[in-house]
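Descriptive structure summary
For reference, the chains in residue letters:
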Amino acid sequence: MGQDIVDGPHEVVLAEPRGFCAGVDRAIEIVERALKKFGAPIYVRHEIVHNTYVVNDLKAKGAIFIEDLAEVPPGATLVFSAHGVSQAVRQEARQRGFSVFDATCPLVTKVHVEVAKLHKDGYDFIMIGHKGHPEVEGTMGQLDDGIYLVEDVADVEGLVLPQTERIAVVTQTTLSVDDAAEILAAVKRRFPSVREPKKQDICYATQNRQDAVKVLAPSVDVVIVVGSPTSSNSNRLQELAERLGTPAYMVDQPDDLKAEWLDGKRRVGLTAGASAPEILVQQVIERLRSLGAVSVRSLPGVAESVHFPLPMGLGDRSMAGIG
């Protein structure tokens, strides 16, 4: 398909950083170690991370992905996904007697802890995020009430709160940094005394990958984002490139890449969402080579060294039979 591009890609420019973040690495490792230690099947509530390749790979190893805990047999081992879960889900898992390993990203857990702490001090919350996203459902589900979702500036303007003395704002960790800043500014205009997190909730990896696209997009003719349609942070990378004036497309797998996207595009920018594995990036590079690309280079970028420890019972010591 499309091998007859008249004026196709010549150079592939890779964003740095791209692909897996520490939270995704940890979540996948939790499932793989649980499978190794306890044997298949291991049940996982929701996709462990939003990537088709990763989910299918873990299914092949014996993971079973479910949405409803009623699908999990008594006494089974259950993993919570990287997006986090509500208190109601935690309580149900305890009542059903599952052996639970929590793969919630520690940066999401930090938001949950902040919500619980400030709630005790009498705060209500405004959450900036996307309705229906599992991370948003998990964070809002830390409380029975008193937490209100806004998706855009218009939502902020229409917000009616029972009290305005003690309000705090929290954010989905995978949002567009620029969009979140715009919505937060609207929140502060309407509620000047609102309490912000000491450090913004948008995670380091989301920020770094968006910053890398801000460098990449202006220097190329088209941007390809490796990521699944369900991945919030991957979608934000595509939107950001387009906002910067560069055509951008998202591919879940190399075969999704359409030759016509590249016609007349000599320099192709390539990045990957935080839940997309590097093996897919390399496969997309091979596909681009088959369409005419002859060189590949990486842009300089932030080197990430964040690492999150595994839960008790799955760490190196316990796997060696010491812990």
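In this report, the structure presented in the accompanying data block is examined. (Residues numbered from 1 in each chain as written. Predicted model: local features only at pLDDT ≥ 70, side-chain atom pairs only at ≥ 80, totals over all residues. Heavy atoms only, no water.)

For the rest of this paragraph, the subject is unusual backbone geometry. Note the cis peptide between Glu16 and Pro17, where omega equals -5 degrees. Along the chain, Pro17 falls in the loop between β1 (11-14) and α1 (22-38). We note that His46 has phi near 70 degrees; this positive angle belongs to a residue other than glycine. (Helix = DSSP H or I, 4+ residues; strand = E, 2+ residues; numbered from the N terminus.)

What follows is about the environment of Val31. Along the polypeptide, Val31 turns up in helix α1. Along the primary structure Val31 and Pro73 are separated by 42 residues, whereas in three dimensions their C-alpha atoms are 18 Å apart. When residues no more than four places from it in sequence are discounted, the contact partners of Val31 are Val44, Ile48, Leu58, Ala63 and Val79. (Contact = heavy atoms within 4.5 Å.)

Burial along strand β4 (residues 77-80) is two-sided: the face carrying Thr77 and Val79 and the face carrying Leu78 and Phe80 are both buried. In this sheet, strand β5 (residues 99-102) lies alongside β4 in parallel orientation, the contact comprising four bridges. Among the inter-strand pairings, Leu78 is bridged to a residue of β5, identified as Val100. The handedness of the β4 to β5 crossover, carried by helix α3 (residues 87-95), is right-handed. (Buried < 20%, exposed > 50% of the residue type's maximum accessible area, 1.4 Å probe, protein only. Pairing = 2+ DSSP bridges. Right-handed = clockwise from strand over helix to strand, strands pointing away.)

On to the side chain of Glu11, then. Following the sequence through the fold, Glu11 ends up in strand β1. A polar atom in the side chain of Glu11 sits 2.9 Å from the side chain of Arg267. Excluding its chain neighbours within four sequence positions, the residues that come into contact with Glu11 are Arg266, Arg267, Val268, Ser295 and Arg297. (Polar contact = N/O pair within 3.5 Å; in protein donor to acceptor, adjacent residues only side chain to side chain.)

Take helix α4 (residues 106-120) next. Working note: α-helix, 3.6 residues per turn, so residues spaced by three or four point in the same direction. Counted at 1.5 Å a residue, the expected span for α4 with its 15 residues is 21 Å, and the 21 Å between its end C-alpha atoms agrees. Residues of α4 that are buried make contact with β6 (124-128), α5 (134-140), β8 (167-171) and α8 (204-216). Of the residues flanking the end of α4, it is Gly122, one or two places downstream, whose phi is positive at about 90 degrees. (Expected span 1.5 Å × (residues − 1).)

Summarising the element assignment, His112 is placed in helix α4. In this structure the side chain of His112 is engaged in a polar contact, spanning 3.2 Å, whose partner is the side chain of Thr139. Dropping the residues within four chain positions of it, His112 is found in contact with Gly84, Val85, Gly138, Thr139 and Gln142.

Before going further, it helps to examine the nonpolar core. Judged by nonpolar contacts, the single largest core of 31 residues is most densely connected at Val31, Val44, Ile48, Val49, Leu58, Phe65 and Val79. Elements that contribute at least two residues to this core include exactly α1, β2 (42-45), α2 (52-61), β3 (63-66), α4 and α8. The dominant element in this core, judged by the number of residues it contributes, is α1, at eight residues. With residues up to four places along the chain from it excluded, the contact list for Phe65 reads Val44, His46, Glu47, Ile48, Val55, Leu58 and Lys59. One finds Val12, Ile224, Ala272 and Ala293 within the second-largest nonpolar core, a separate group that totals 21 residues. (Core = buried A, V, L, I, M, F, W, Y, C linked by side-chain atoms within 4.5 Å.)

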